[in-house]
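What the coordinates show
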Amino acid sequence: MPDPTRTSLPTIDEISLGTSGAGPSDLQAPPALARGSRLDPWVEAYSDRAGQLTTSAIRALFAVASRPEVVSLAGGMPDLSVLPLDLVGQTLGRLVAERGTTALQYGPGQADPVLREQILQVMRPLQVEADADRIVVTTGSQQALDLITRIFVDPGDVVVAEAPSYVGALGVFRSFQADVVHVPLDHDGLVPEELERTLTRLRADGRTVKFLYTVPNHHNPAGVTLSADRRPQVVDIARKHGVLVVEDDPYGLLGFDGPPLPALQSLDPAGVVHLGSFSKTFSPGVRVGWALAPRAVRDKLVLALESAILCPSSFSQMAVSAYLSEHDWAGQIDSFRSMYRRRRDATLQALAELVPQASWTCPAGGFYVWLTLPEGLDAQAMLPRAVTRRVAYVPGSGFYADDRGHRHLRISYCFPSPERIREGVRRLAGVIESEQEMLDTFSPGSGPSRSGGPGSGGR
Amino acid sequence: MRDVPSVLILAGGLSHEREISLRSGSRVACALTDSGCRVRVRDIDAELWDVLGEPGEPGPQVVWPLLHGSSGEDGAIRDVLELGGSRYVGSGPEACRLAWDKSIAKSVARRAGLRVPDAVALPHGVFRELGAQTVLTALVRRFGLPLVIKPARGGSALGVTVVHRVGELSRAMVSCYSYGEVAVVERWVEGVEVAVSVVDTGSGPVALPPVEIVADDGIYGYDARYNAGMTEFFCPARLTRDSGAEVASAGITAHRAFGLRHLSRSDLIVDRRGAVWFLEVNVAPGMTETSLFPQSVDASDQDTGPLYRRLVEAAIQGAG
């Protein structure tokens, strides 16, 4: 035991005691405080919902992704460098100069009728035929998701969602205290038999299922697309069980192999709410998305929207409307598609060459590849090592409402150049190799390494 | 000295604690601005050198590195500041190097007479070469359970696990090595978790009222540190007279033994018998809304702004 008297002790003057009664001349123990501080005087006042809103070490690690030294395969930011920014700038300038008193004013809750008509045009390749009156424009489709959940979900209600599911949707469901029940997907998207089984089981258990949340095209994070055969099956199963379908489709127009498949909404307009967005096809900064909903649902959505924000941004809506009127928006989407196709190809090629021990999905559009690590590896536990090696990804566990997904990670190829993607995958390969080595070392039954001996550290 | 000190705060960096550093930087910037300083906050990058000494234009009078984790606390950035002839708040590079590596810090603290939990520092290669199970068994035999596994270099409790069962050991080791090459395995000391902050604005180190930490789930991990409400803090700590004095004494002893300057925070445990155990000392203590150093300042009847300004002035004058 060390001897604390071996060093000179500080004098009393060096010790400033607390303010609860004791002063420098009074070295009594301060009176015990009945309650300490939790640093936030309102901590007892927050709603139960707010209890879900916490920061975490994993979230903090993403802070480095913004540094240029790091190849970020984590974020889902579209690359706007192919937008004709000079022309867009002129359009926006004219908008303010010529129609500023409207663009900078409050607008209608349901949004600008002209824009709603244009949105119908944008959805035409998805074979959606609808009345523009059934469209509600929202602050990104994320707000549409929030409003849908707000008007349907009471605490404890079930939302059925794919496994894995978009992390931003899971956050919304959690904040409304929904109970998310996952249904597996495979390379052809949501598995209808599993959906049927799950809905049947939930009904038998007396659970209230409020809706099925699905991303049918170029799924985030799984990168898969619901096949043409399965689309009517999914809609029929939901209809049979009296479950609304929320079809979240930000990537539908970003397919690399021909025209998109028909939207679920086109198969059952009365049973499907379709969410769309300009974030990936024009600009996420304008925050313009929409919901196309059955008429009665539309009414509730408008009321909920007005209660939340009075009306969506007039300026953003008119900016999008002017962009759609004055520019070749379909040609622009073609440019995005070819850029993302090259990046998808670079990702798949680099993975095949550098990470043969893993498996992954091959997206036919959108932004994401879903990677499965060798058995035993945990993408979340591995993330600090990746950050040290200057590469970032999103661990799979964030895409599940339960404790699954540890073997998976999401790679986003939308923003880095093909060269940077290759470098990022090269770094990721090194990370996986080191982590595998670490895991082998600590696996039960692994003995000391023998120089030249094969098979040390078996799993 | 100019009436309005100009301060360049360095925050961000490339470490695992970048987010915390950004929060610390913005918090100190606000406090210094409120107390009349001219403040800029920037990240470290290739342009830093130019900013420190822009030709034809006076650079900042003083730099306050609030970079947590590697490069911020391992002495590197302070070496760079000294190379450029900049004055800065906080400890010099050598003191940082001693404090940054927990295995070295333990030796320094022990030699200074502080009580230090028994520990070993092991690079992962040791487990590979000798066989993990053999080494793990030896660790449990020596330290018993629970024991603590932490990266030798790092902060914010990242990669730290308190292991209660043998079955949790391997996973905890893998998690620790994800943060760094060397792990410290330490005997768990049960007791009250206390942090004592020390400041020196030129007239010698002074211990501020210690903070007692009571995490809701018993572990003062990352979540408990940075989500307000998950931890209850008592400041001053609920200690007996003798323990309170020993805690303050330990903070100052560590500050001196490591050769620290201006500010530090020592993390300690007061065990059931009232004995004080040294865990580590931080050269760049967190300054966020939920951090311990600002709480101690508040409890000492001072405002953070004026105290931070005095630290800045001490750095400008080369004092402390």
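Residues numbered from 1 in each chain as written. Chains lettered and ligands numbered in written order. Predicted model: local features only at pLDDT ≥ 70, side-chain atom pairs only at ≥ 80, totals over all residues.

What follows deals with the domain arrangement of chain B. Residues and elements named next belong to chain B. Along its sequence, chain B is carved into domain 1 (6-90), domain 2 (97-115 + 190-302) and domain 3 (119-187). Averaged C-alpha coordinates put domain 2 and domain 3 at centres separated by 23 Å. At the interface, 11 residues of domain 2 touch 13 residues of domain 3. Breaking the side of domain 2 that touches domain 3 down by element, the ones donating at least two residues are α5 (102-111) and α9 (222-226). Examining the composition of the side of domain 2 that touches domain 3, we find that 3 residues originate from one element, α5, more than from any other. Of the residues belonging to the side of domain 2 that touches domain 3, the class tally is 4 nonpolar, 3 polar and 4 charged. (Domains from an automatic or database assignment. Contact = placed C-beta atoms within 7 Å. Helix = DSSP H or I, 4+ residues; strand = E, 2+ residues; numbered from the N terminus. Nonpolar A, V, L, I, M, F, W, Y, C, P; charged D, E, K, R; others polar.)

Our focus in this paragraph is the sheet that holds strand β11 (residues 368-372) of chain A. Residue and element names in this part refer to chain A. The 4 strands are arranged β10-β11-β14-β13 in an open sheet whose pairing can be described as antiparallel. In this open sheet, the two strands that pair with only one neighbour each are β10 (359-360) and β13 (394-395). Here β11 pairs with strand β14 (residues 408-412) via 5 bridges, running antiparallel. Within the sheet, the bridge partner assigned to Tyr 368 lies in β14 and is Ser 412. (Pairing = 2+ DSSP bridges.)

Our next topic: unusual backbone geometry. Omega for the bond connecting Ala163(A) with Pro164(A) falls within 30 degrees of zero, at 5°, which places this linkage in the cis form. Relative to the helices and strands, Pro164(A) is located in the loop between β3 (158-163) and α5 (167-175). The amide bond that connects Leu145(B) to the next residue, Pro146(B), takes the cis arrangement and shows omega of 0°. Along the chain, the position of Pro146(B) falls in the loop between α7 (132-143) and β5 (147-151). With a phi close to 50°, His218(A) is a non-glycine residue in the positive phi region.

Turning our eyes to something else, we now look at the pairing of strand β2 (residues 135-139) of chain A. All names here are of chain A. Along β2, 4 of the 5 residues are buried, which leaves the element largely enclosed by surrounding structure. The sheet contact formed by β2 and strand β9 (residues 288-292) spans 5 bridges and is antiparallel. Within β9, the residue paired with Val 136 across the bridge is Ala 291. (Buried ≥ 20, exposed ≤ 12 C-beta atoms within 10 Å, placed from the backbone.)

What follows is about the environment of His241(A). Residue and element names in this part refer to chain A. On the secondary structure map, His 241 appears in the loop between α7 (230-240) and β7 (244-248). With 194 residues separating them along the chain, His 241 and Glu 435 place their C-alpha atoms 45 Å apart. With sequence-adjacent residues up to four places away left out, His 241 is seen in contact with Leu 199 and Arg 203.

Put simply, helix α13 (residues 418-442) of chain A and helix α8 (residues 169-177) of chain B touch, their axes get as near as 10 Å, and they point 155° apart. The angle between the axes of α13(A) and α8(B) places the two elements in the roughly antiparallel class. The interaxial crossing formed by α13(A) with α8(B) has right-handed handedness. Every residue of α8(B) that contacts α13(A) at Met438(A), Leu439(A) and Phe442(A) is listed here: Ser170(B), Met173(B), Val174(B) and Tyr177(B). Residue classes in the contact of α13(A) with α8(B) are distributed as 6 nonpolar, 1 polar and no charged. (Axes fitted to C-alpha atoms, helices over the stretch in contact; angles between N-to-C directions. Parallel < 35°, antiparallel > 145°, perpendicular 65-115°, else oblique. Left-handed = near helix turned anticlockwise from the far one by under 90°.)

Looking at chain A as a whole, the pLDDT averages 90, with 89% of positions reaching at least 70. Note that pLDDT drops below 50 for residues 1-30 of chain A; the model gives that stretch 64 contacts with residues more than four away or on any other chain. (pLDDT = per-residue confidence, 0-100.)

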